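Residues per chain are reported as follows:
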Amino acid sequence: MNAVSASNIPPPLRVPVEGMTCVSCVGRVERALRALPNVDTATVNLTTETAEVRVSAPLSVTDVAGAIEAAGYRIRTRQVDLTVEGMTCASCVGRVERALRNVPGVVGATVNLATERASVEVTGDVSDAVLSEAVANAGYTVRVDTPEVPQSEPARGTPGREARHLIIASVLTLPLVAPMLSLLWGEHWMLPGWIQFALATPVQFSLGARFYRAAWRALRAGTGNMDLLVALGTSAAYGLSVYHLVRGAAHHGAGPLYFEASAAIITLILLGKFLEARAKRQTTEAIRALQALRPTTARIRQSGADLEIPVEQVAVGDVVVVRPGERFPVDGTIQEGRTHADESLITGESVPVAKLEGDRVTGGAVNGEGFVLVETTAVGSESALARIIRLVEDAQAKKAPIQKVVDRVSAIFVPVVVALALVTAIGWGLVTGDWTQAILNAVAVLVIACPCALGLATPTAIMAGTGVAARAGVLIKDAQALETAHRVSVVAFDKTGTLTAGKPRLVAVTALDGADDALVLRTAAVQAGSEHPLAHAVLAAVDGHELPAARDIAAVPGRGLRGTVDGIELLVGSTAMMEDAGVDLAPLLARADALRTQGHTLSWVASRQADGAQLEGLLAFRDEPRAGAAASIARLHALGIRTVMISGDNEGAARSVADALGIDEVRANVQPGQKVDAVLALRERGTVAMVGDGINDAPALAASDVGIAMGTGTDVAIHAAGITLMRPDLDLVAASLDISRRTTRKIHQNLFWAFGYNVIGLPLAAFGLLDPVIAGAAMAFSSVSVVGNTLLLRRWSPPRSPESNEVAHAK
């Protein structure tokens, strides 16, 4: 008895935990896990970074992951991509997702009907074979994808095979349907019954075998799908015809035959599938265009000789030879030569960009007129093009929040339709006594149902929207960001590097002793190793001049720099730094106020000796607004969006830029750590998008409803953002919100049509107002109409302001 009981105890769950640093972390995770229902013990090992949970009843990894994340940590997972073949409708999607989520160790699973891909998040000990077996047991065929072989292309049968089946079905069905058309001219003729049987049978059981196979797999898994509805409906019409044919031969009286209905329904559905597959391939056109950019070979220079090798064999540090008109095979920097690079398919930039020695180039871009040598910095999956493709593919694989509603409907859709068909058949039979008509009405109910349209409504729109956005230089990380962006009512901008060029210039120097040049040289000596934009501006101003020696240089966080020059400690920084050092700023306060009013950013210089700190002078900088920024802000206003600028600069400098650009609201003197608070305050007034490019912008990007990172910024900012702009063009901010609105609108339109087909068609069929052939045609073309509506998104292109065009042509 004890042995039996012990055998029913679920095995312990073991998950890897990330983020723990000490014993207190261990205790926090253990307490969080013990609070879960049915948990007997929870043990966390800090050394191996694993948690073992023993339970008295089954507990999902998702619940364990949630508890660990609530405690401030996360479990370590990996993503597995599978290509699932054989799915036909939204109910198939739900069945595959349930099968995958029931595998121990699976944290989450998302299945996309349009791409036929499953993205599964698993802990490290879950094998691909176990996932494949779970999908196979659910009744589908699975293939594990490798990173080198993108699977954006829908995996369903090849166009040639689909077209061949459609042609054969059409040839066999046309003689059956032609007599129906003759009624339009008052003619009434019909093929002999046995000839109808001979034509309809191969359509039903050979070309229609796919529906029987998929329906049988669904039944074995204890559920239903679109194929089950087609198989039931056409089998009923075919079987009734065979019954009347045999009965008529035995009793010398021909009954009504409906072979044309069963054959026409299958042929129309095959036509719909063929058109649907073609349309779905068009939704992935943008991502396939990106994939086509990857060259297969590269020419590397070794010991003075050029050797052509597969691009996979190129290593970081190799020197690659790129001739005019060729594509750059790798990411790198130009070591020798100069040229122009056409990056239009990568960044959306319509005009070739000048590239000089030391400039970065992106693999896949087209080399212009120059012969260049490129030092490789990234290859394979680490290249910019590979990361772009991966980001777009991941976005297309994710589900929009609205899809959850569709999934709940799809889970009960097929059983409800089958039940309605049974009620229709029994009701008509009992009320009218005409069981033949009752069966035909039930057939119409079965074949009018459109679960495919429901399953395709959302993912095809997301695929098309993210695809055309990527083509324009807007990378949308996931469907959540896409759907949230259409509600944005406030856009907050970081100032430096986002609204401005991020390259301030030293425009005024005021030294108390009148020696302006000497002051700048000493200041430059202290700032020689700094990466701050103001330091770069000072160094640019003294380019070519010899700097005095500086030592003991140290940064004062949030204040400035200090260092020793010619034996005297020099302080360079903000007003707060001067006040902390006790520097009297009165001699230059009037000058400082005047410069601030004009929109300049100020930096004070003081010296500190034994008798105290003395003011030395004042430096003024100006960072010009990006070209075309004012028109970009006006475009946002035209969309009904309020604009806010968040800046660490003084009120005067920030207000000067804001007024020049037409920005509605300014928040100045905001330290990097305060940007999150500023964004959270704005969120109380509506949905907020934050636009930034620096490391200090990453927390604010993450705190906003939608983070938008400039692609020229840091990897940290890009990682924290939901949307990345591939080029520093502020027009793309409005473009990203516009494509979000249009894509969301398409999703809603598609769902309206998908639900509308069923809401209108099912009652008409149940009340006998819909011929089965017409019902089959409506079902077949419901998916085509939904995908066709989605394809209208391919016409979208980002609006460009005249100023942006002028800037592009000036490059």
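From a predicted model like this one, the values you see are computed outputs, not experimental measurements.

Chemist: How do you make sense of the nonpolar core when you look at a structure like this?
Modeler: The nonpolar side chains of soluble globular proteins are, as a tendency, buried together. If you look at the biggest cluster of nonpolar residues, it comprises 135 residues, and the most contacted ones within it are Leu-131 and Val-491. Here this core takes 12 residues from helix H28 (residues 731-766), the largest share from any one element.

Chemist: Looking at this structure, I do not really get the pattern of salt bridges. What am I missing?
Modeler: Opposite charge on two side chains permits them to pair, given that their charged atoms come into close proximity. Under the defined criterion, the tally for this structure stands at 25 salt bridges. For Glu-52, the salt bridge identified is with Arg-54, shortest N-O distance 3.3 Å. A relative accessible area of 22% places Glu-52 in the partly exposed class. A salt bridge links Asp-738 to Arg-742, with the shortest nitrogen-to-oxygen separation between them at 2.9 Å. Of this pair, Asp-738 and Arg-742 both sit in helix H28, 4 residues apart, which is roughly one turn of the helix. For Asp-738, a relative accessible area of 14% translates into the label buried. Salt bridges sharing partners connect three or more residues here, namely Arg-642, Glu-665, Arg-667 and Arg-685.

Chemist: Help me understand the packing of aromatic side chains in this model?
Modeler: Think of a pair of aromatic rings as described by two things: how far the centres are apart, and how the planes are tilted against each other in angle. Scanning all chains against the criterion turns up 7 aromatic pairs. Between Trp-194 and Phe-197, the aromatic rings sit 5.9 Å apart at their centres with planes inclined by 80 degrees, giving edge-to-face as the arrangement. Separated by 3 residues within a single helix, Trp-194 and Phe-197 lie in helix H7 (residues 193-207), roughly one turn from each other. The class for Phe-197 is partly exposed, based on a relative accessible area of 27%. Ring plane angle 70 degrees and centroid distance 6.1 Å describe the contact between Phe-197 and Phe-259, whose orientation is recorded as edge-to-face. Of the two residues, Phe-197 is situated in helix H7 and Phe-259 in helix H10 (residues 259-283); the sequence distance between them amounts to 62 residues.

Chemist: Even after reading the chapter, I still don't get unusual backbone geometry, so can you show me in this structure?
Modeler: Excluding glycine, residues mostly have negative phi values, and the peptide bonds linking residues are mostly trans. A positive phi angle is found at Ser-303, which is not glycine, with a value near 55 degrees. As for its placement among the helices and strands, Ser-303 is situated in the loop between strand E9 (297-302) and strand E10 (305-310). For Ser-303, a relative accessible area of 83% gives the class exposed. The phi dihedral of Asp-566 falls on the positive side, at around 55 degrees, and the residue is not glycine. Note on placement: Asp-566 falls in the loop between strand E22 (560-565) and strand E23 (568-573). When its relative accessible area of 60% is taken as the criterion, Asp-566 is described as exposed.

The rules behind each value
Residues numbered from 1 in each chain as written. Predicted model: local features only at pLDDT ≥ 70, side-chain atom pairs only at ≥ 80, totals over all residues. Heavy atoms only, no water. Core = buried A, V, L, I, M, F, W, Y, C linked by side-chain atoms within 4.5 Å. Buried < 20%, exposed > 50% of the residue type's maximum accessible area, 1.4 Å probe, protein only. Helix = DSSP H or I, 4+ residues; strand = E, 2+ residues; numbered from the N terminus. Salt bridge = Lys/Arg side-chain N within 4 Å of Asp/Glu carboxyl O. Phe/Tyr/Trp six-rings, centres within 6.5 Å; stacked < 30°, edge-to-face > 60°.

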